[in-house]
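Examining the three-dimensional arrangement
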Amino acid sequence: MTTLAVSPLARPRLPRWAPAVVAVGAIAVAGLLALLLGWGPVATLIVAGVLYVVVLPAWSRLLEGSRAAADRLMTNLVWGSFVVVCVPLLWLIIMVVRKGAPEITGHFLSTSMRNVVGPMPGGILHALEGTVVVTLAATLIAVPLGLMTAIYLIEYGRGSRLARVITFLVDVMTGIPSIVAGLFALALLVLFFGPAFRAGIGGAIALALLMTPTVVRSAEEMLRLVPNDLREASYALGVAKWRTIVRVVMPTALGGIVTGVVLAISRVIGETAPLLVTAGYNDSMNGNLFSGRMTTLPVFIYNQYKTPGAVPLGAHATDPPGYARAWGAALVLIVIVMILNLIARIIGKIFAPKTGR
Amino acid sequence: MSLTTRPPGRPLALGDRIFAGAARTAGLLILVVLAGVFVFLLIQGAPGLSVDPSTYGQGVTSFWAYVGPLLFGTIFISILALIVAVPFALGVALFISHYAPRRLATPVAYVIDLLAAVPSVVYGLWGGIALSQALKPVIAWLGAKLDWIPLFQGPASPNGQTALTAALVLGVMILPIITAISREVFAQTPRLNEEAAIGLGATRWEVIRLAVLPHAKSGVVAGIMLGLGRALGETMAVTMVYSSSPKYMIDIIGDTSPQTIAANIANNYAEATPDKQHVLIAAGLVLFAFTFAVNFLARWAISRGERKLTR
């Protein structure tokens, strides 16, 4: 063993405490530079990070050779990229909560923006109503369509040319830009109702177009997971195919399908561009899908951001009133999306295929 | 087959036929809808190709002269976003599949999915208010010190709401897509290839370079293309973050920067005349055709990669 230690095959390794030493050193050097040159804390942290990522491999190169140095450099870069990616997410969530939370009051949640001028307190009730109505309508269109398509793909058309074409096009449909979906809905409605037509139904059609591929994909995966034994057992009892699907296959896959639908809803509920184009903006309550402009939460945020109004004279606030409302609405929207994701996860857990019984 | 006994035959057979028909109709309907997207955009967009030139804007004589700078802007901003996103996306994907301790990998994957769940309008809000504030000194520095690079020729915008900011926001938005797909193909590397590399004494990075990356190449390319498809069609992050104008230019820290098709539609929709509406729909059709091509290529790359695996 002792001979191995001095043989040219075994290169010396960096001691275990090397990373810690380099980290402390990097922070110290960066801190010193920051004091001398007057950098802010963010710049200091960035410099410290870069120093660490570079210095450790350099040391390793001197002691361990180039291969180990490359390995350490890549390890540092991979960890570094993970840390960097966490920054915008944390920043965004902290920002939304800090700026949005003070806005959330009973008044904010229970009034509309009707007759609200300047810094008067307004609310998002009309936007909430619009979001719920439009999203529900989209779900009512997309779920039957998506579900039946998935059933066709798995139960009837398996392996056929049509099924392959549909699968491929559904994949492509996933990539339709949301604003194009909005333009499609608009082009469709404008053709029938004239160029000035704006209503919630257009938004619902656009969202349904965006939702359908997600529903098809998830339902397809779930139906594929249903064991064939169950279907064959049902056929053996003389049950017709459609009853087998409705009574045996669907209940088995139900949990997964519902999870997929809820995730699809959470995906489209935050869509802005298609609704901006089709449903427009409105300060008042409007629950009618087929007439009049209808505001949804994302469009409300966009609108408040674009026309924030002036900062009231003599007020402490540095943000115009629209920004504050936009942050409040953004917090509500994020909470809704997170709750939907959570629900999807819980349903997925509850209905997860049981192993053994 | 005719011997199969089906208890009280007829009504069930009818139900079967109806149900099968409904399922098939739904499938066909999807084809029709996708075709319909093209057809309706074409019907409503075609008049936009030949409206009175003044509709396009000052000094623009034809539709193609109108949409050209927009298409350029769309591709330009999207590629900037890719440059921002791809290194980090691949880094995080490798982190999840090969570097992170197993206990950390699952929550990290979940957090990245969370990044994808945040609505684009919230990203726009964050980019337009928070990120642009924070980038002010960076942009001022770029404009002062690096103005010999055409990208940063400036003059630097004082409010931080620039194309650079938008590219960063877009990069954050498309990162989860690229990460999700890359991480899957990284994880699918045949165990034996990796173990063979380890057996030859490869370091972890060498294992990745020799066994994982060659195997995952087509999947990663497909993931990047899908990310590009998303970036091309993204509206809010661009509309909300910087003020843009439909011009060919590559300065990304100035007060105005090249406009994208999606942002152009969103900005002009509210006060569009019927003629302008046709023009905007035609522009949307161009965007659709372009993203369709990109996504098509991406899916093709994925399916080709899968076929190569099964062989």
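Source: prediction; values computed, not measured. Per-chain numbering applies: the sequence of each chain, read as written, is numbered from 1 onward. Going through the entries in the order they are written, you letter the chains from A and number the ligands from 1. At least 70 in pLDDT is required for a residue's local features to be given in this predicted model, at least 80 for side-chain atom pairs to be given and counted, and no such filter applies to totals for whole chains, interfaces and linings, which use all residues.

Quick look at the overall build of chain B
Across its full length, chain B holds 10 helices and 2 strands. Working definition: helices are DSSP H or I runs of at least four residues, strands are E runs of at least two. Numbering for both runs from the N terminus. Helices and strands in chain B line up, N terminus first, as α-α-α-α-α-α-α-α-β-β-α-α. For a compact globule the rule gives 2.2 Å times the number of residues to the power 0.38, and the radius of gyration it is set against comes from C-alpha atoms. Taken against the 2.2 N^0.38 rule, which gives 19 Å for 311 residues, the C-alpha radius of gyration of chain B at 25 Å runs more than 25% over that of a compact globule. Principal-axis analysis of the C-alpha atoms gives chain B an extent of 80 × 60 × 30 Å. Counting over 311 residues, chain B shows a buried share of 50%. Exposure is read from a count of other C-beta atoms within 10 Å of each residue's own; the residue is exposed at 12 or fewer, buried at 20 or more and partly exposed in between. C-beta atoms are placed from the backbone.

Some points on the confidence of the model for chain B
Residues and elements named next belong to chain B. On average, residues of chain B score 85 in pLDDT, and 94% of them are at 70 or above. The pLDDT score gives, residue by residue, the confidence of the prediction method on a 0 to 100 scale. Throughout, a pair of residues is in contact if the C-beta atoms placed from their backbones lie within 7 Å. Every residue in residues 1–10 is under pLDDT 50, and counting partners more than four places away or in other chains gives 6 contacts. Both confidence scores are given for the complex: pTM 0.87, ipTM 0.86.

A few points about helix 2 (residues 63–99) of chain B
All names here are of chain B. Helix span, expected: 1.5 Å multiplied by one less than the number of residues in the helix. For helix 2, with 37 residues, the first-to-last C-alpha span of 51 Å sits near the 54 Å given by 1.5 Å per residue. Along helix 2, the largest kink reaches about 35° and is centred on Ala85; proline Pro87 follows within four residues of it. Most of helix 2 sits inside the fold, with 26 of its 37 residues counted as buried. At any given residue, the bend is defined as the angle formed between two axes, one fitted to the seven residues that end at that position and one fitted to the seven that begin there.

Looking at the domain arrangement of chain B
All names here are of chain B. In this entry, domain limits derive from an automatic or database-based domain assignment. Each domain of chain B was delimited in the assignment, giving domain 1 (1–50) and domain 2 (66–310). Distance from the C-alpha centre of domain 1 to the C-alpha centre of domain 2: 36 Å. Each partner contributes residues to the interface: domain 1 has 7 residues there, and domain 2 has 7 residues. Of the residues belonging to the side of domain 1 that touches domain 2, the class tally is 4 nonpolar, 3 polar and no charged. Note on residue categories: nonpolar means Ala, Val, Leu, Ile, Met, Phe, Trp, Tyr, Cys or Pro, charged means Asp, Glu, Lys or Arg, and polar means any other residue, Gly included.

Concerning the environment of A:Leu237
Residue and element names in this part refer to chain A. Note that Leu237 resides in the loop between helix 10 (228–236) and helix 11 (241–268). With 10 C-beta atoms counted inside 10 Å, the residue Leu237 sits in the exposed group. C-alpha of Leu237 to C-alpha of Thr111: the two residues are 126 residues apart in sequence and 58 Å apart in space.

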